[in-house]
Amino acid sequence: MLTSQTSSAPSDAPSTALEAFRRGCVIPAHPLALDERRTLDERRQRALTRYYLDAGAGGLAVGVHTTQFAIHDPAVGLLSPVLELAAETARGSSREVVLIAGACGPTAQAVAEAELAASLGYHLVLLSPTPDLDEDQLIERARAVGEVLPVVGFYLQPAVGGRTLSRDYWTRLAALDSVAGIKVAPFDRYRTLDVLHGVVRAGRIGDLALYTGNDDHILADLITPHRVRVDGRSVQVEFVGGLLGQWAVWVHRAVELLADARAARHGDDVALRRLLSLDGHLTDANAAIFDAAHGFHGCIPGIHEILRRQGLLAGRWCLDPAEDLSPGQLAEIDRIWTAYPHLNDDEFVAANLDRWLA
């Protein structure tokens with residue numbers, strides 16, 4: 001079980017939250033709400049959190065790529081208030097919410113950010129890769145952070161700051177008792193398989209939760225019972241949920257899709273056929289929102305544009321004034337908005353927006 005830790009790992013993270021994480025849920029990667037001066041819009045930041053919780057999300061990931069990595073810069077000064085806003089708003093929920101804080105940088109920084117998250121009531125740390133450490137050092141960093149809070153490993157695609165990591169690295173990371181899960185987001189089938197093989201080799205199947213972060217392959221990841229052969233054994237591996245930038249939008253629908261995926265994995269052929277028919281639609285929509293045509297340059301503004309159209313955000317503003325939609329991306333978002341109305345949750349948002357913003 002995920003509640004088992006090494007002797008140096010913390011034991012005070014609520015077991016109910018860790019159990020919910022292990023079972024699997026929808027975890028939006030929380031965006032950053034800014035006003036036209038590019039300062040934190042607390043009202044809309046809270047509204048986003050309320051939206052995710054009312055839509056049925058089981059958790060929140062804050063301080064991650066979608067929240068903009070720049071908030072980890074002490075000069076920006078936003079990491080603590082943004083983490084605190086989400087945690088405080090989530091405490092108003094009638095159910096347990098899995099709180100995951102993103103941590104960045106070298107070991108000392110990552111540990112300090114984990115300590116901040118722990119002090120605010122977070123349950124897990126999503127540990128972003130860094131180019132400044134080799135694989136041995138990354139393992140030691142994960143071990144150090146795991147002494148503060150359970151760790152979620154993160155395979156981030158290189159286009160947005162990630163790096164290629166070996167199959168051996170994932171085996172060694174998964175073998176750490178303090179690693180509770182892995183977000184698999186390389187946007188690459190070969191590298192996704194490296195993680196699956198690593199988890200099997202480490203003997204952590206059923207103990208370590210795998211979350212898809214492959215926004216280009218969401219439904220296929222969730223419905224596939226992966227059969228991994230290691231040392232003559234055939235082991236079934238499944239993604240239990242999604243921790244995704246794509247699930248920062250249309251969350252009410254995402255919760256329904258995850259329920260369908262769970263049913264499909266358990267033999268519901270009608271749900272399976274329904275999801276297979278939607279797989280290409282969701283990937284096409286993601287290509288527009290994430291700006292795949294331009295190397296994901298407009299990924300975060302694309303997410304913001306969807307939330308702006310629904311009234312949750314006032315604009316697309318990012319901390320970096322140069323970060324905006326790419327040429328042609330707005331037209332692509334118009335296209336998918338019209339083509340796939342069955343993917344959005346506009347009616348749900350419209351019915352609740354005033355209450356979330358109050």
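Residues numbered from 1 in each chain as written. Predicted model: local features only at pLDDT ≥ 70, side-chain atom pairs only at ≥ 80, totals over all residues. Heavy atoms only, no water.

Novice: What exactly am I supposed to notice about the pairing of strand β7 (residues 209-212) here?
Specialist: Here β7 shows a buried face lined by A209 and Y211 and a second buried face lined by L210 and T212. The pairing of strand β6 (residues 179-185) with β7 spans four bridges and is parallel. Bridge pairing in β7 links G181 to A209. Handedness of the β-α-β unit built from β6, helix α7 (residues 189-201) and β7 comes out right-handed. Pairing of β7 with strand β10 (residues 241-244), which is carried by two bridges, proceeds in the parallel orientation. Looking across to β10, one finds that Y211 is bridged to G241. (Buried < 20%, exposed > 50% of the residue type's maximum accessible area, 1.4 Å probe, protein only. Helix = DSSP H or I, 4+ residues; strand = E, 2+ residues; numbered from the N terminus. Pairing = 2+ DSSP bridges. Right-handed = clockwise from strand over helix to strand, strands pointing away.)

Novice: What should I look at first to understand the nonpolar core in this one?
Specialist: Inside soluble globular proteins, nonpolar side chains tend to come together where they are buried. F21, Y51, Y122 and L210 are the most contacted members of the largest nonpolar core, which has 130 residues in total. Of all the elements, helix α10 (residues 269-290) adds the most residues to this core, at eight residues. (Core = buried A, V, L, I, M, F, W, Y, C linked by side-chain atoms within 4.5 Å.)

Novice: Help me understand the pairing of strand β3 (residues 98-103), please; the structure alone is not making it clear to me.
Specialist: For a regular strand, the rule is simple: side chains alternate between the two faces of the sheet. With six of its six residues buried, β3 lies for the most part within the structure. A two-sided burial pattern is seen for β3, the buried positions comprising V98, I100 and G102 on one face and L99, A101 and A103 on the other. In the sheet, strand β2 (residues 59-62) pairs with β3 via four bridges, with the strands oriented parallel. Across the sheet, A61 pairs through a bridge with I100, a residue of β3. At this point the chain moves from β2, through helix α3 (residues 79-90), to the parallel β3, and the crossover so formed is right-handed.

Novice: Before we go on, may I ask you to explain the side chain of D345 in this structure?
Specialist: Turning to its location among the elements, D345 is positioned in the loop between α12 (329-339) and α13 (346-357). Comment: no salt bridge for buried D345; closest opposite-charge side chain is R253, at 9.1 Å. Polar contacts involving the side chain of D345 include one to the main-chain amide nitrogen of H252, which spans 3.1 Å. Residues in contact with D345, not counting those within four places in the same chain, are Y51, W250, V251, H252, R253 and Q310. (Lys, Arg positive; Asp, Glu negative; His and termini not counted. Salt bridge = Lys/Arg side-chain N within 4 Å of Asp/Glu carboxyl O. Polar contact = N/O pair within 3.5 Å; in protein donor to acceptor, adjacent residues only side chain to side chain. Contact = heavy atoms within 4.5 Å.)

Novice: I tried to follow the packing of helix α2 (residues 42-54) against α13 on my own but got confused; where do I start?
Specialist: Two numbers describe how α2 lies on α13: the axes approach to 9 Å, and their chain directions differ by 135°. The angle between α2 and α13 falls in the class oblique. Here α2 and α13 pass one another in a crossing that is right-handed. Contact residues: α2 offers R43, R44, A47, R50, Y51 and D54, while α13 offers F348, V349, R355, W356 and L357. In the contact of α2 with α13, the residues fall into six nonpolar, no polar and five charged. (Axes fitted to C-alpha atoms, helices over the stretch in contact; angles between N-to-C directions. Parallel < 35°, antiparallel > 145°, perpendicular 65-115°, else oblique. Left-handed = near helix turned anticlockwise from the far one by under 90°. Nonpolar A, V, L, I, M, F, W, Y, C, P; charged D, E, K, R; others polar.)

So far we have only geometry, and geometry alone does not tell us how the molecule works.
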